[in-house]
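Given next are the chains, with one letter for each unit.
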Amino acid sequence: MKLSVLTLLLLSCFRFSYSFTPRYNSIFSFGNSLADTGNFLITGAQQLPGIGRLPYGMTFFGRPTGRCSDGRLVIDFIAEAVGLPLLPPSLASGQDFRQGANFAVTACTALDLAFWEQRGLAGIFWTNDSLGVQLQWFEQLKPSLCSTVRECKDYFGKSLFVLGEIGGNDYHFPLLANRTLEEVRTYVPHVIKTISNTAEILINQGAVDLVLPGSPPSGCFGLLLTLLPSPNKEDYEPQTGCLKKLNELSRYHNKLLRRAVGKLRSKYPGVRIIYADYYGPVIQFVRTPERFGFSNGALIACCGGGGPYNFNPQARCAEPGATVCENPSKSIYWDGIHLTEAAYRYITTGWLSTWSHAKVH
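The structure displayed is predicted, hence computed values, not measured ones. (Residues numbered from 1 in each chain as written. Predicted model: local features only at pLDDT ≥ 70, side-chain atom pairs only at ≥ 80, totals over all residues. Heavy atoms only, no water.)

Digging into the sheet that holds strand S2 (residues 100-102)
Turning to step 1, where the next piece is worked out: Taken together, the five strands give an open sheet; going across it, the order is S2-S1-S3-S4-S5, and neighbouring strands pair in parallel fashion. Every other strand in the sheet has two partners, leaving S2 and strand S5 (272-276) as the edge strands with one partner each. Direction aside, neighbouring strands of the sheet carry axes that sit 15 degrees apart on average.
Turning to step 2, where the next piece is worked out: With five bridges connecting them, strand S4 (residues 209-213) and S5 associate as parallel partners. Bridge pairing in S5 links Asp 209 to Arg 272.
Turning to step 3, where the next piece is worked out: Sitting on the sheet, helix H5 (residues 131-141) touches strand S1 (26-30), S2 and strand S3 (159-163), and the angle it makes with S1 is about 150 degrees.
Turning to step 4, where the next piece is worked out: Across the face of the sheet, helix H9 (residues 188-205) comes into contact with S1, S3, S4 and S5 while running at roughly 165 degrees to S3. (Pairing = 2+ DSSP bridges. Helix = DSSP H or I, 4+ residues; strand = E, 2+ residues; numbered from the N terminus. Axes fitted to C-alpha atoms, helices over the stretch in contact; angles between N-to-C directions. Contact = heavy atoms within 4.5 Å.)

Have a look at this one:
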C-alpha cells in the first residue's frame, strides 16, 4: 500500500523531531488525564475503574498503565524524543526519579479544594489532587534529587518542566453539575493565575525550560456533546459539529494562558517558556480527519458503548456493553474525551518541530 505524500511528510517531520540533540537530563510533568501516566490508577480510580483494564493501553503497552488512551501520550513521545525513559508516576513505589517524574492526575483541577468549597462544588470532583497538591509532591521529592540551593538550580536547569494541560476539569465538572457557562467562564482567570504562579515557583527553584500546554477544543468531546446537547442547530459549528460555546470557552482559556506566558517571558528573560497548542491540531483533525488518516469519523470514539459519538455514560470504555474499534490509529478520540495514541503522536510532532526554533526571550 502506497503512503500518501502528506503521510510521508508527517513521518519525515516526526523522525526529524526525534533526531534533535537531547538537552535535558530529566523531565517533570504536571497536569490531568492528558498527561497522567498512572497516578490516578494508583490512588484507586474508583470513579473510572475501566482505565485499569484493557482495552486501555492496548496499542503500545499491551496492558493498562493508567493512561487514558490506547497507548502513549504526548509526554511519552516528548520523553522518547529527548532520549529519556517514559516518566514514572510520582506515586509509584520503588521508582528512580532522577530522570524525571510525572505528578499529573486524571480528573484533577488547577484550583484547590478551598476554591470549590467556597462555591459549593467541593463534592463534584473525582479527586482533590489539584495542581497545588502536585506541587507539594514535587517539593517532597526534591530532597532525593538535590540537597543545596545551588545543586537544585543546576539540576533543574537541565530539566524540562511540562505544566499541563490543566484547567479543563475546572470547567467541565461544574458544567456537568448544572452551573452556567457564564459562571464557569469566571473561573478562567483564577485557573490561569494558578498555572502562572506555579510556573513562577518552578522558575525560582531553577527551572529554565517550561512548556505550558493550552486546552483542546472541549466542544468536540463526545462526552460533552452527549451530556450537554443543545436543541438548537445554531449552537453547533457547521464545519465540525462541535459545540460553539464550549470551544469558545477553550479559546478564552488559551487566550489568557498565552497572555500569561507573555508576561512570564518579560519577567524572566533568561527562561524559555513555551505555549504548546492543543486546540489547533485537534480542530484540524476534526475538520479534515482524512488528511491525517482518521477514517473512523471525526467525533466518534474508538472505545465506547454506542450513541452518536460512541459515548454512553452507562457503558464507558472498558465497561460491560462497550466495544473497541479494530484500529485505534484511524480514530481521533479514544473514549469520548481523550485522544488516541495516533492523535497524540501528530500533536507531539508539531510541538517538537516548533520548539526546535524556539529561543530564550
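Structural notes on the nonpolar core
Turning to step 1, where the next piece is worked out: One finds Ile 27, Phe 28 and Leu 210 to be the most contacted residues of the largest nonpolar core, which totals 115 residues.
Turning to step 2, where the next piece is worked out: If you tally residues by element for this core, the top one is helix H11 (residues 244-267), at eight residues. (Core = buried A, V, L, I, M, F, W, Y, C linked by side-chain atoms within 4.5 Å. Buried < 20%, exposed > 50% of the residue type's maximum accessible area, 1.4 Å probe, protein only.)

Topic: the packing of aromatic side chains
Turning to step 1, where the next piece is worked out: Counted by the stated rule, this structure contains 26 aromatic pairs.
Turning to step 2, where the next piece is worked out: Judged by centre distance (6.3 Å) and plane angle (55 degrees), the rings of Phe 28 and Tyr 155 are tilted. Pair noted here: Phe 28 is in strand S1 and Tyr 155 is in helix H6 (residues 149-156), with a separation of 127 residues, a long-range link. Exposure class is identical for Phe 28 and Tyr 155. Each is buried.
Turning to step 3, where the next piece is worked out: For the pair Trp 116 and Tyr 187, a centre-to-centre distance of 5.4 Å together with 85 degrees between the ring planes defines the contact as edge-to-face. Residue Trp 116 is found in helix H4 (residues 113-118), and its partner Tyr 187 is found in the loop between helix H8 (181-185) and H9; the two are separated by 71 residues along the sequence. By the burial criterion, Trp 116 is buried, and Tyr 187 matches it.
Turning to step 4, where the next piece is worked out: Grouping aromatic residues by their ring pairs yields a cluster made of Phe 28, Phe 30, Phe 103, Phe 138, Tyr 155, Phe 156 and Phe 161.
Turning to step 5, where the next piece is worked out: One residue, Arg 185, lies across the ring of Tyr 252, its end atom 3.7 Å from the ring centre. (Phe/Tyr/Trp six-rings, centres within 6.5 Å; stacked < 30°, edge-to-face > 60°. Lys NZ or Arg CZ within 6 Å of the ring centre and 35° of its normal.)

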